[in-house]
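The chain contents come next:
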Amino acid sequence: MSRSSNPSARPSVVIVGAGPRGTGLIERIAANAPELLGETPLDLHLVDPHPPGGGRIWRHDQSPLLWMNSTAEDVTMFTDASVEQDGPVRPGPSLAAWARAVRAGRITVDPALAGEVAALGPGDFAGRRLQSAYLSWVYAQAVAALPPTVTVHEHRRRAVRVSGPRDGRQRVWLAGRRTPLPADLVVLALGHLESELTSEQQELSDLAARHGLTHLPPAFTADSDLSALRPGEKVLVRGFGLAFVDLMVLLTEGRGGSYTTGPDGQPTYRPSGREPVLYVGSRRGVPYHSKLGYGPGGERPPVPRFFGPDQVDALLARSGGVDFRRDVWPLIAKELGFAHYHRLFTAHAERTRMPWKDFEEEYAAADPGSAALRALVAAAVPDPADRLDLEAIDHPLAGVRYPDGEALQAGLRGYIEADLARRHDPAHSPDLAVFLALLSVYGQLTRIGDCGPWWHGFFSYLASGPPGPRLRQLLALSRAGVVRFLGADLTVTADERRGVFRAESASVPGESVEARALVEARLPEPTVRHTRDALLRTLYAEGAAETPAGLLAVRAADARILDRAGRPYPRRFALGPHTDARSGSAFARPGTNAPAFRQNDATARALLTFLRDRATRPKAVPETATVPEGATR
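What you are looking at is a predicted structure, and each value in this text was computed from that prediction instead of being measured.

Cut-off values and rules
- Residues numbered from 1 in each chain as written.
- Predicted model: local features only at pLDDT ≥ 70, side-chain atom pairs only at ≥ 80, totals over all residues.
- Heavy atoms only, no water.
- Helix = DSSP H or I, 4+ residues; strand = E, 2+ residues; numbered from the N terminus.
- Rg over C-alpha atoms; globule rule 2.2 N^0.38 Å.
- Contact = heavy atoms within 4.5 Å.
- Areas by Shrake-Rupley, 256 points an atom, 1.4 Å probe, with all protein chains shown as cover.
- Salt bridge = Lys/Arg side-chain N within 4 Å of Asp/Glu carboxyl O.
- Buried < 20%, exposed > 50% of the residue type's maximum accessible area, 1.4 Å probe, protein only.
- Expected span 1.5 Å × (residues − 1).
- Bend = angle between axes of the 7 residues up to and from the residue.
- Pairing = 2+ DSSP bridges.
- Axes fitted to C-alpha atoms, helices over the stretch in contact; angles between N-to-C directions.
- Phe/Tyr/Trp six-rings, centres within 6.5 Å; stacked < 30°, edge-to-face > 60°.
- Parallel < 35°, antiparallel > 145°, perpendicular 65-115°, else oblique.
- Left-handed = near helix turned anticlockwise from the far one by under 90°.
- Nonpolar A, V, L, I, M, F, W, Y, C, P; charged D, E, K, R; others polar.
- Core = buried A, V, L, I, M, F, W, Y, C linked by side-chain atoms within 4.5 Å.
- Arc of directions from axis to C-beta.

S.K.: Pulling in residues and values, what's your account of the overall build of the protein?
M.R.: Helix and strand content of the protein: 17 helices and 21 strands. By the compact-globule yardstick of 26 Å for 633 residues, the protein fits well, its C-alpha radius of gyration being 26 Å. Summarising its shape, the C-alpha atoms of the protein cover approximately 75 × 65 × 55 Å along the three principal directions. Taking contacts inside the protein between residues at least 6 apart in sequence as the whole, the part at least 24 apart equals 75%. Summed over all atoms, the accessible surface of the protein reaches about 25,900 Å², with 52% contributed by carbon and sulfur.

Here's what the structure looks like:
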């Protein structure tokens, strides 16, 4: 296609981050460009040291043993009729449908993935390398759908700084490149980032340095160097979520261990002899709940009901700001309870004592968390096991004490076995209704902004846990002695005199475990002030606002970055987990009005509208031309 003789005079957008979020934004730019961009030329610069599509987290270059924690039919990068957006729907295949197209020969992938594609059913959990191939294909489709007037430039570099006047053209500086990229608009789609150590983590790291210990700080597990964890040695692990599951896999199967199926149909672990012994605990002391193992049959919960747009409007209209625990959580709890009881009454009416319409009327009238609400539930739902107790769910080991470590191992295995049984039994389908309500709640919360780390942890614990087979493997590892449970309210301290890490929990009072290795099995907290990302640190130093939880503050309507006076930067945008509009995964379950898709569409339209309006203004004096790099179309 023809190119401008002065590339810097052409309108340009720089997207920093080529993973799923950046890819989703490009797809929305392509969908909205016919309406808003017209024949205007555009240079679209994509900056990321990792290949586009998967980016760092979903890159092909990671262990084939690592899985997704969503089934193939529950993963899509494409909008559908459920998405509340101004732009057009551009349907596309879910991961499961894409795999069927590959098997039918309509899509070509790396032959090394042929076995995974052939074995993948809609209810299966794909390997991350297969998801990487899907995301790469989505990226290619999005680029191909752009108008011919748009040229995409890929820069396999790291962006280190954004400069430029508030109302003028920006410059994006890349590592290893002397001249910046000129940009009318800049979008940060950075994904998960590394952070500086907290004071407590630094103390533990300093102990490790003084005594020759191993301390692995929070990180994406696939990026961690696990070679320092020696066969047979005790390794303390703090964190029991998905990062732990990855660690467990890489240190067992990843070191040559394997599973066989026992007479009872359960897996039995066969050690290779190269595994360390993992002593794992956390605040809750239990792993995230298993993914649900049955489909959404029956009537879906009619949500949102008690936490929808009207309630969010009322919260945002309050003077003095919004406190999550005081103002938001009671409404969420009532919404989750409504979904739970709707399912119980409509699908398991024999376990209730009054007609649903009567219960619904009284439930709606009762204040969240009130004595009247508790009394209604007690009268209508005779079995306490059928009542939703969010406090008990969040603190499953509260008040539970074991006489010794061996009793704790047996107790935790029983807990995990019960969780697996429940999460795969439709008799407990109110759990599915709560899951669907959680998705609805998450979609509403993007308008409120920073909800603090507790909410995101609770959501992940209840709705984004590991596949059931991973928990069955965890049980096998526990029986084999490769994993040992530490319990709840875990504390890890530096024992300077003995030169070791010491772990204690509330679950086994008086007992402790000493070890010379400690792994913080979780992602770094996404804070702007303490991030190791040079670009974000510079933005913060130059006036970008942070929320109380340390996230980058953005305007909910279009993701424009806010300054400390609350004013949006006209030409700077940000999407993803480092912002207070964080919206879960960049891909989503079909038919769920995914907030990430809504945000992508709103941001794409804001970008294109700005460029359209700029094209009608008098032209400024062109800046010095720069040599295009990595043009792909």
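S.K.: How would you explain the pattern of salt bridges if you had to name every residue and give the values?
M.R.: Counted according to the given criterion, the structure contains 40 salt bridges. Measuring nitrogen to oxygen at the nearest pair gives 2.4 Å for the salt bridge that ties R56 to D223. Placement of R56 in the loop between β2 (42–47) and β3 (67–71) and of D223 in the loop between β10 (214–216) and β11 (234–238) is noted, with a sequence separation of 167 residues between them. Judged by relative accessible area, which is 36%, D223 ranks as partly exposed. E200 is paired through a salt bridge with R238; the nearest N and O atoms lie 2.9 Å apart. Of this pair, E200 sits in helix α5 (residues 199–211) while R238 sits in strand β11, and the two are 38 residues apart along the sequence.

S.K.: So what's going on with helix α1 (residues 20–36)? Residues and values would help.
M.R.: Look at α1: 23 Å from first C-alpha to last across 17 residues, which is about the 24 Å you get at 1.5 Å a residue. At A30, α1 is bent by approximately 30°, the largest bend along its length, and proline P34 sits one to four residues beyond. In the segment just after α1, G38 is the residue with positive phi, at about 65°.

S.K.: I'd like to hear about the sheet that holds strand β8 (residues 181–183), residue by residue, with values.
M.R.: Spatial ordering of the open sheet is given by β6-β7-β8, a layout of three strands whose pairing is antiparallel. Edge strands, defined here as strands with exactly one partner in the open sheet, are β6 (159–163) and β8. Each neighbouring strand pair of the sheet contributes to a mean axis angle of 25°, computed without reference to strand direction. Bridge analysis of β6 against strand β7 (residues 170–174) gives four bridges, and the strand direction is antiparallel. Across the sheet, V162 pairs through a bridge with V172, a residue of β7.

S.K.: Summarise the packing of aromatic side chains; cite the residues concerned and give the values.
M.R.: The geometry of an aromatic ring pair is captured by two quantities: the separation of the ring centres and the angle between the planes. Overall, the coordinates contain 26 aromatic pairs when judged by the stated rule. Ring centres of F345 and W356 lie 5.5 Å apart, and the angle between their planes is 50°; on these two criteria the pair is classed as tilted. You can see F345 sitting in helix α8 (residues 324–347) and its partner W356 sitting in helix α9 (residues 356–365), a full eleven residues away along the chain. W356 matches F345 in its accessibility class, with the two residues each being buried. Within the aromatic cluster, the residues linked to one another by ring pairs are F306, F338, Y341, F345, W356, F359 and Y363.

S.K.: So what's going on with the environment of L575? Which residues, and what values?
M.R.: The topology assignment puts L575 in the loop between β21 (568–574) and α17 (595–615). According to the relative accessible area criterion, L575 is buried, its value standing at 3%. In this structure the C-alpha to C-alpha distance between L575 and A586, which are eleven residues apart in sequence, comes to 9.7 Å. Excluding anything up to four places from it in sequence, L575 contacts R21, L25, V187, L188, A189, L190, A559, Q599, N600 and T603.

S.K.: So what's going on with the packing of α9 against helix α10 (residues 371–380)? Which residues, and what values?
M.R.: Packing of α9 against α10 brings their axes to within 9 Å, and their N-to-C directions diverge by 165°. Here α9 lies roughly antiparallel to α10, going by the angle between them. Where α9 crosses over α10, the two elements pack in a sense that is left-handed. Packed against α9, whose contacting residues are F359, E362 and Y363, the element α10 presents L373, L376, V377 and A380 at the interface. In the contact of α9 with α10, the residues fall into six nonpolar, no polar and one charged.

S.K.: Summarise the pairing of strand β13 (residues 267–270); cite the residues concerned and give the values.
M.R.: Only one face of β13 is covered, namely the one carrying P267 and Y269; the face carrying T268 and R270 has none of its residues buried. In this structure, strand β12 (residues 258–261) lies alongside β13, joined through four bridges in antiparallel fashion. Residue pairing across strands places Y259 opposite Y269, the latter belonging to β13. Linking two consecutive strands that pair antiparallel, namely β12 and β13, is a turn of five residues; a positive phi of about 85° is found at G265 within it.

S.K.: Just give me the short version of the sheet that holds strand β15 (residues 483–487), but keep the residues and values in it.
M.R.: Pairing is parallel across the open sheet formed by five strands, whose spatial order is β10-β19-β11-β14-β15. Single-partner strands in this sheet number two, and they are β10 and β15. Across the sheet, the mean angle separating the axes of adjacent strands is 20° when strand polarity is ignored. The pairing of β11 with strand β19 (residues 517–520) spans three bridges and is parallel. Paired with L236 across the two strands is L518, which belongs to β19. Along the sheet, helix α6 (residues 242–251) contacts β11, β14 (277–281) and β19; its crossing angle with β14, the most-contacted strand, is approximately 170°.

S.K.: Explain the environment of G164 to me, and be specific about the residues and the numbers.
M.R.: Structurally, the position occupied by G164 is in the loop between β6 and β7. Sequence separation of G164 and P182 is 18 residues, and the distance between their C-alpha atoms is 9.5 Å.

S.K.: A description of the packing of α8 against helix α13 (residues 430–445) should follow, citing residues and the corresponding values.
M.R.: Packing of α8 against α13 brings their axes to within 8 Å, and their N-to-C directions diverge by 145°. Two packed elements cross with a definite hand, and for α8 against α13 that hand is right-handed. For the pair α8 and α13, contact is made by F324, V328, I332, E335, L336, A339, H340, R343 and L344 and by P430, A433, V434, A437, L438, S440, V441 and L445, respectively. For the contact of α8 with α13, the per-class residue count stands at 13 nonpolar, two polar and two charged.

S.K.: Explain the nonpolar core residue by residue, including any values.
M.R.: The biggest cluster of nonpolar side chains holds 40 residues, and the ones touching the most others in it are L229, V237, F244, L474 and F485. When residues of this core are assigned to their parent elements, the largest contribution, eight residues, is made by α6. Excluding anything up to four places from it in sequence, V237 contacts F244, L247, L278, Y279, V280, G281, L490, V519 and A521.

S.K.: Go over unusual backbone geometry with me, naming the residues and quoting the values.
M.R.: With an omega dihedral of 5°, the bond running from V303 to P304 counts as a cis peptide bond. Assignment of secondary structure puts P304 in the loop between β14 and α7 (309–316). The phi dihedral of D489 falls on the positive side, at around 50°, and the residue is not glycine. One can find D489 in the loop between β15 and β16 (491–495). Phi is positive for N593, which is not a glycine, with a value near 50°. Mapped onto the secondary structure, N593 falls in the loop between β21 and α17. Judged by relative accessible area, which is 16%, N593 ranks as buried.

S.K.: Lay out α9 with the relevant residues and their values.
M.R.: If you check which residues of α9 are buried, you get W356, F359 and Y363. Projected onto a plane normal to the axis of α9, the buried residues spread over an arc of 65° and lie on a single side. Opposite its buried face, α9 presents the exposed residues K357, E361 and A365, each directed more than 90 degrees away. For α9, the elements touching its buried residues are α8 and α10.

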